Amino acid sequence: MIGSRIAAVGHYQPARVLTNEELAGLVDTSDEWITSRVGIRTRHIAGPEEPVDELAAHAAAKALAAAGRTPTEIDLVLVATSTAIDRSPNMAARVAARLGIPGPAAMDVNVVCAGFTHALATADHTVRAGAASRALVIGADKMSEVADWTDRSTCVLVGDGAGAAVVEAAEEPGIGPVLWGSVPEMGNAVRIEGTPPRFAQEGQSVYRWATTRLPALARQACEKAGLTPEELAGVVLHQANLRIIEPLALKIGAVNAVVARDVTESGNTSAASIPLAFAKLVERGEVSSGDPVLLFGFGGNLSYAGQVIRCP
């Protein structure tokens, strides 16, 4: 077996920015109410002419350019999303068509907010098994399309965007073993269901689970990678709520790590949140090539997945 690594990352967000002040004109809320409860100040909202696969393709193109690769060199496309409206063709096939990738295996991964870390692990396993040599792994969601814009408890949370990574074979593994699982009895805590589909959640249940159970799971992901939390240079958790992210980073024990707080400007972008936040850390130089960074997704189903990766 060979290893795999992230060669490069990229991200994309729609140009339209929705502020808390604008939301206060739609529902009974305020900037103070939103920032004090979830830490979000702005979010990017895609227009009706910007489908999920377009967001995904923009992020993927940036990742390919950063890696110095062409679409013809990709043989696997994985798109983590829970906002694909059509059942077929799937988002991965649509992204491949947009980018001109010839004949890849093309699969969608629907694990909601933990989708990207599940897809990244799947790409790692596939490359290690020799079934693919170079993969595009994308997290993309258009949460504004499934939001209930009359419900102030959920519509203030969501944003749209995409993040992508080029994963390729490597002699030295740059993607650590995944720690993943789920809590099926809590599956209804986060939902996107109905016709038309609408996002809803039991916020307090998710908050209690994340702040009490997740630190031990994140430490296990570090153990699988042969590292202690103190050795981490960065921590990128699912960007759901600043009141979850900051206490979690402390409880994990990542005292020397840069903690991604992209939720403040992007909101909850579901499967896009981790690659979006990570790509911004890389772009700003807040983490360096070779640095160990913990990625950990959690949310819908209630599913979770995390691994330590080495920065491209």
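Values in this document were obtained by computation on a predicted structure and should not be read as measured data. (Residues numbered from 1 in each chain as written. Predicted model: local features only at pLDDT ≥ 70, side-chain atom pairs only at ≥ 80, totals over all residues. Heavy atoms only, no water.)

**Q** Break down the overall build of the chain for me, with residues and values.
**A** Across its full length, the chain holds ten helices and 14 strands. Seen along its three principal axes, the alpha-carbon backbone of the chain occupies a region of about 55 × 45 × 40 Å. The buried share of the chain, taken over its 312 residues, is 57%. In the chain, the proportion of contacts linking residues at least 24 apart, taken out of those at least 6 apart, comes to 75%. Accessible surface computed for the chain: about 12100 Å², of which carbon and sulfur atoms make up 50%. Charged side chains of the chain number 26 positive and 34 negative; the gap between the two group centres comes to 3 Å. (Helix = DSSP H or I, 4+ residues; strand = E, 2+ residues; numbered from the N terminus. Buried < 20%, exposed > 50% of the residue type's maximum accessible area, 1.4 Å probe, protein only. Contact = heavy atoms within 4.5 Å. Areas by Shrake-Rupley, 256 points an atom, 1.4 Å probe, with all protein chains shown as cover. Lys, Arg positive; Asp, Glu negative; His and termini not counted. Charge placed at Lys NZ, Arg CZ, Asp CG, Glu CD.)

**Q** Mind laying out the sheet that holds strand β4 (residues 76-80), listing which residues take part and the relevant values?
**A** Ordered in space as β1-β7-β6-β4-β5, the five strands form an open sheet in which the pairing is mixed. Sheet topology places β1 (3-12) and β5 (105-109) at the edges, where each strand pairs with a single neighbour. For this sheet, the mean angle separating the axes of adjacent strands, direction not counted, is 20 degrees. Sheet analysis places β4 next to β5, joined by five bridges and oriented parallel. When the sheet's bridge partners are listed, Val79 is paired in β5 with Asp108. Seen against the sheet, helix α3 (residues 52-67) touches β1, β6 (134-142) and β7 (160-170) and runs at an angle of roughly 125 degrees to β1. Helix α5 (residues 115-128) contacts β1, β4, β5, β6 and β7 of the sheet and is inclined by roughly 160 degrees relative to β4. (Pairing = 2+ DSSP bridges. Axes fitted to C-alpha atoms, helices over the stretch in contact; angles between N-to-C directions.)

**Q** Please provide a residue-by-residue account of the nonpolar core, values included.
**A** A general trend in soluble globular proteins is that nonpolar side chains are found buried together. Counting 48 residues, the largest nonpolar core has Trp209, Leu232, Leu237, Leu294 and Phe296 as its most contacted members. Elements with a contribution of two residues or more to this core: α2 (31-38), α7 (203-224), β11 (234-237), α8 (242-252), β13 (292-298) and β14 (303-310). Top contributing element to this core by residue count: α7, with eight residues. Judged by nonpolar contacts, the second largest core, of 31 residues, contains Leu78, Ala80, Val109 and Val137. (Core = buried A, V, L, I, M, F, W, Y, C linked by side-chain atoms within 4.5 Å.)

**Q** Any details on the packing of α7 against α8? Residues and values, ideally.
**A** Put simply, α7 and α8 touch, their axes get as near as 9 Å, and they point 35 degrees apart. Here α7 and α8 pass one another in a crossing that is right-handed. Taking contact as the criterion, the partners of Tyr207, Ala210, Thr211, Leu214, Pro215, Ala218 and Arg219 in α7 are, on α8, Arg243, Ile244, Leu248, Lys251 and Ile252. Partitioning the contact of α7 with α8 into residue classes produces eight nonpolar, one polar and three charged. (Left-handed = near helix turned anticlockwise from the far one by under 90°. Nonpolar A, V, L, I, M, F, W, Y, C, P; charged D, E, K, R; others polar.)

**Q** Outline the sheet that holds strand β8 (residues 179-182), supporting the account with residue identities and numerical values.
**A** Read across the open sheet, the five strands follow the order β8-β14-β13-β11-β12; overall the sheet is mixed. The sheet terminates laterally at β8 and β12 (258-259), the two strands that pair on one side only. Where α5 meets the sheet, it contacts β8, β13 and β14, and its direction lies at approximately 55 degrees from that of β14. Contacting β11, β12 and β13, α8 runs over the sheet at an angle of about 135 degrees to β11.

**Q** Go over the state of the cysteines with me, naming the residues and quoting the values.
**A** With the rule as written, the count across this model stands at zero disulfides. Cys113 takes part in no disulfide bond, and the closest cysteine sulfur to it belongs to Cys155, at a distance of 17 Å. For Cys155, a relative accessible area of 0% corresponds to the buried category. (Disulfide = S-S within 2.5 Å.)

**Q** Residues and numbers for the packing of aromatic side chains, please.
**A** For the structure on display, the rule yields two aromatic pairs. The structure contains a cluster of three or more aromatic residues connected by ring pairs, namely Trp209, Phe296 and Tyr304. Positioned above the aromatic ring of Tyr207 is the side chain of Arg243, whose terminal nitrogen or guanidinium carbon lies 5.3 Å from the ring centre. (Phe/Tyr/Trp six-rings, centres within 6.5 Å; stacked < 30°, edge-to-face > 60°. Lys NZ or Arg CZ within 6 Å of the ring centre and 35° of its normal.)

**Q** Summarise the pattern of salt bridges; cite the residues concerned and give the values.
**A** Scanning the model with the defined rule gives 17 salt bridges in all. Between Arg69 and Glu168 there is a salt bridge, with the nearest N and O atoms lying 3.5 Å from each other. A residue pair is termed long-range when its members are at least 10 positions apart, and Arg69 in the loop between α3 and β4 and Glu168 in strand β7 qualify at 99 residues. Under the relative-accessibility criterion, Arg69 is labelled partly exposed at 28%. Glu168 sits in the buried class, given a relative accessible area of 5%. When salt bridges that share partners are traced, they join Arg5, Arg69, Glu73, Arg134 and Glu168 into one network. (Salt bridge = Lys/Arg side-chain N within 4 Å of Asp/Glu carboxyl O.)

Coordinates in, geometry out; function isn't part of it.
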